[in-house]
Amino acid sequence: MRQLLRHSNGAAHQSLPITTNEASKTSLPLMGAVKIQERYRPQPQIEAYPREGLFDVPTQVVATGLQPGASITFKLTTYDNKGIKVRFLVIGEFTSLGHYESDANGQVDLRRATSLGGSYTGVFPSGLLSTLEPPAGKHAYKRLTVTDTSKPTTYVLSMHEGLLGKDEDSPAMHEVQLERHFRGPGVKRIEVHHGAVRGALYVPATPGPHPAVIDMFGASASFMEHRSALLASRGILSLALPYFGYKDLPKTLERMDLEYFEEAVDYLLSSPTAVQNQCGVVATCQGGSTAIAMGVWIEKVKAVFAINASACLYETVLYKGGQPLLSGYKLCSEDLDFDEHFRGRLNPERVAHSLLNVDSDIIIPIEKASSDTKFFLAAAEHCSLQAPVSMRNLAHRLQRAGKNNFYTKIYPKAGHIIEPPYGPHIYQNYQQYFPYKSSSHTVPKVGTYLSWGGEARSHCHAQEQAWLDLQHFITTHIRPHDDRALCNPEHNRVTLLASDTKRPTMAARASAVTVWLMVTGVLVSTIAVPQGYNSSRGRQLQQGTTEQQPMNYNFAWKVDDAEYQNYYGHQEAGNNGRVEGSYYVWLPDQRLMRVDYYVDGDSGFVPTITYQDAYGPMWEQRPSRQ
């Protein structure tokens, strides 16, 4: 059940005045005074903003009404789409804890408060989201997945007295419910069953033309849709493409045919809202390696954003016209090191000296790609599959061939599975294609638990930065030849703002609102961040081309509709790399929330949030609707 958050009025929290004299100094009036004071003492509560929004929007959490120096535990709970209850165990439940102490004002603001323990320590505003994990035991390797993007991911954030352990519980002093959406208002999902191609196409709510991408994941879960849904919510047409293990596709990775991916590209570009004759590929792990191969051998692929991709294909052979085009590497257990929990990771020395030798014939010949095909090779420093080694080898082959059509970037202390921001740090998982028996065993078997690496806080920063890098890279390199089309104000995103109202959805009332937009210059990036790639959260190792200077821009829009009581807006300007902006929304409790923010160099997103009580909008006068 949703609850409306109401801002505490300082005056209401003061005790009522009590007059005393000699005749009234008895125990009864004193007891009455104590009761009145107790009655008007502020109650502990959680203020979380936004209550509802897109998945990549950061969440601000503040606890108020506490006694100074009080010890509390924040607990965050959510379930994946497959969550079921078996006796007393909920399979699919994910939880995290944060231990805090209130300040002198009886508050805990997660933007600056220090966690004393629980699932993380230190100042970590997104710590509760980043450290969500399943219960211990046989479900400890379960991955939080979203299989139905039409439904929001729902979180329950509760506040408890004292410092609770993971297996402890107590009545909540207060709790709120948060909803995060991958699919924004008006985004369409189209089930794809076209020729041999399977998957799901996500179409942005606005007319286009939109940059178009194919979106793929790795061998442990080749088909997931959540990233495509979120990309479409940010104005990028995206085809979530499985390549094995889905419906009538091949059950294993033993063989892949280039024609399947060519057909997928043609289907994507047949969309009337796509930028024509060129597309990008966004992919992770084995999907990333496949994406690089697509950039080499499919002419219409002009931008490849590969996340923690290997320089070779694993466990497969790529065919073209029925003939082998590129053979992958067959893994054996000698390639893995195992920890005390029997979680494997690739042996770095074996990787560096044999498996991914720069001149090996199993390396994808990235240097054969057209010079107008751009590559962004992103790698996590602590990736258990040694992605930085692959990244450097691929970059070396490009440089040796005199190519400068690439970027490389390493995200410090991040792990292998880099997702859109504010998803949990996935540090371990079951991988069905990695071997656990020796290659000399008479019946080699596959399937083992892998440690993916990374540290939660750094991994969270990497996911934030990679998401910005991805969007900027695609919108920069997949664009109409007539760049004026990108000045279309319809390309601006529509974000679900903090709202607990049950009024019609944004999509349902689209025809009933007036939206004012003003754009100057070419709007390439649709997010409030500097548009260069440099950041303290990810160091640039090599860049094949001269660094692009950020483009100056300015835009503003607002919704002002008295009939539906909708009043909110957003303005932003980028000037030589510094971004400043603000957005506001009239809340259901009659307060006006305003967020002023800036991003400057490596500062990250720095917001200042204020509230104005009892706000009354000055509605614009417009002709009445017929």
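Details of the overall build of the protein chain
Phase 1 of the analysis: What the protein chain contains, in helices and strands, is eight helices and 30 strands.
Phase 2 of the analysis: When the 626 residues of the protein chain are sorted by exposure, 55% land in the buried category.
Phase 3 of the analysis: Contacts spanning at least 24 positions in sequence make up 68% of the contacts within the protein chain whose residues lie at least 6 apart.
Phase 4 of the analysis: Within the structure as shown, the protein chain displays about 27500 Å² of accessible surface, and the carbon and sulfur contribution to it stands at 52%.

Brief notes about the state of the cysteines
Phase 1 of the analysis: Inspection of every chain in the model, using the stated rule, returns zero disulfides.
Phase 2 of the analysis: The thiol of Cys383 is unpaired, and the distance to the nearest cysteine sulfur, on Cys285, comes to 7.5 Å.
Phase 3 of the analysis: The class for Cys383 is buried, based on a relative accessible area of 2%.

As for the sheet that holds strand β17 (residues 317-320)
Phase 1 of the analysis: Reading across from one edge, β14-β17-β18 is the order of the three strands in this open sheet, with mixed pairing throughout. Since the sheet does not close on itself, it has two edges, and those belong to β14 (255-257) and β18 (323-327), each with one partner. Sheet twist, expressed as the average angle between the axes of neighbouring strands with direction ignored, equals 35 degrees.
Phase 2 of the analysis: Two elements, β14 and β17, share three bridges in a ladder whose sense is parallel. In the sheet register, Asp257 faces β17, and the bridge partner there is Tyr319.
Phase 3 of the analysis: Packed onto the sheet, helix α4 (residues 258-269) meets β14, β17 and β18 and runs at close to 40 degrees relative to β14.

Describing the confidence of the model for the protein chain
Phase 1 of the analysis: Of all residues in the protein chain, 71% attain a pLDDT of 70 or more, and the chain-wide mean is 77.
Phase 2 of the analysis: Long-range and interchain partners of residues 83-90, a stretch whose pLDDT sits below 50, account for ten contacts in this model, where long-range means more than four residues apart.
Phase 3 of the analysis: Per-residue pLDDT stays below 50 along residues 484-547; that stretch engages in 184 contacts with residues further than four places along the chain or on separate chains.

Quick notes on the nonpolar core
Looking at soluble globular proteins, one finds that nonpolar side chains tend to be buried together.
Phase 1 of the analysis: Membership of the largest hydrophobic core comes to 135 residues, with the highest contact counts inside it found for Phe74, Ile214, Met216 and Ile292.
Phase 2 of the analysis: Residue contacts for Ile214: discarding those within four places in its chain leaves Leu239, Leu241, Ala264, Val265, Leu268, Gly280, Val281, Val282 and Met294.
Phase 3 of the analysis: With 14 residues, the next largest nonpolar core counts Val579, Tyr597, Val599 and Ile609 among its residues.

Describing the environment of Pro272
Phase 1 of the analysis: Mapping Pro272 onto the fold places it in the loop between α4 and β15 (279-284).
Phase 2 of the analysis: Looking at Pro272, the relative accessible area reads 77%, which means it is exposed.
Phase 3 of the analysis: Taking the C-alpha atoms as reference points, Pro272 and Pro209, separated by 63 residues in sequence, lie 7.8 Å from one another.

With respect to the sheet that holds strand β1 (residues 45-49)
Phase 1 of the analysis: Taking strand neighbours across the sheet as the criterion, the three strands line up as β1-β3-β6 in an open arrangement whose pairing is antiparallel. Two strands close off the open sheet at either side, each with one partner strand: β1 and β6 (108-109).
Phase 2 of the analysis: Bridging between strand β3 (residues 60-64) and β6 involves two bridges; their strand directions are antiparallel. Bridge pairing in β6 links Ala63 to Val108.

With respect to the environment of Tyr79
Phase 1 of the analysis: Turning to its location among the elements, Tyr79 is positioned in strand β4 (residues 71-86).
Phase 2 of the analysis: The spacing of Tyr79 and Thr154 is 75 residues in sequence and 7.6 Å in space, taken between C-alpha atoms.
Phase 3 of the analysis: In this structure the side chain of Tyr79 is engaged in a polar contact, spanning 3.2 Å, whose partner is the side chain of Glu93.

Observations concerning the pattern of salt bridges
Phase 1 of the analysis: Considering all chains together, one arrives at 19 salt bridges under this definition.
Phase 2 of the analysis: Between Glu455 and Arg457 there is a salt bridge; the shortest N-O distance is 3.7 Å.
Phase 3 of the analysis: By relative accessible area, Glu455 is classed as partly exposed at 31%.
Phase 4 of the analysis: Between Arg578 and Glu580 there is a salt bridge; the shortest N-O distance is 2.7 Å.
Phase 5 of the analysis: Its relative accessible area of 42% is what places Glu580 among the partly exposed residues.
Phase 6 of the analysis: Residues participating in the shared-partner salt-bridge network are Arg189, Glu191, Glu225 and Lys247.

Quick word on the environment of Ser170
Phase 1 of the analysis: Mapped onto the fold, Ser170 is located in the loop between β8 (153-161) and β9 (172-181).
Phase 2 of the analysis: Its relative accessible area of 23% is what places Ser170 among the partly exposed residues.
Phase 3 of the analysis: Through-space distance from the C-alpha of Ser170 to that of His160 is 6.6 Å; in sequence the pair is ten residues apart.
Phase 4 of the analysis: Those residues in contact with Ser170, other than ones at most four positions away along the chain, are His160, Glu161 and Leu164.

Things to note about the packing of aromatic side chains
Phase 1 of the analysis: Evaluated as defined, the whole model comprises 17 aromatic pairs.
Phase 2 of the analysis: Here the aromatic cluster, defined as three or more aromatic residues joined through ring pairs, consists of Tyr243, Phe244, Tyr260 and Phe261.
Phase 3 of the analysis: The ring of Phe217 carries the charged tip of Arg227 above its face, separated from the ring centre by 4.0 Å.
Phase 4 of the analysis: One cation-aromatic arrangement involves Arg255 over Tyr319; the distance from NZ or CZ to the ring centre is 3.9 Å.

Cut-offs used in this document
Residues numbered from 1 in each chain as written. Predicted model: local features only at pLDDT ≥ 70, side-chain atom pairs only at ≥ 80, totals over all residues. Heavy atoms only, no water. Helix = DSSP H or I, 4+ residues; strand = E, 2+ residues; numbered from the N terminus. Buried < 20%, exposed > 50% of the residue type's maximum accessible area, 1.4 Å probe, protein only. Contact = heavy atoms within 4.5 Å. Areas by Shrake-Rupley, 256 points an atom, 1.4 Å probe, with all protein chains shown as cover. Disulfide = S-S within 2.5 Å. Pairing = 2+ DSSP bridges. Axes fitted to C-alpha atoms, helices over the stretch in contact; angles between N-to-C directions. pLDDT = per-residue confidence, 0-100. Core = buried A, V, L, I, M, F, W, Y, C linked by side-chain atoms within 4.5 Å. Polar contact = N/O pair within 3.5 Å; in protein donor to acceptor, adjacent residues only side chain to side chain. Salt bridge = Lys/Arg side-chain N within 4 Å of Asp/Glu carboxyl O. Phe/Tyr/Trp six-rings, centres within 6.5 Å; stacked < 30°, edge-to-face > 60°. Lys NZ or Arg CZ within 6 Å of the ring centre and 35° of its normal.

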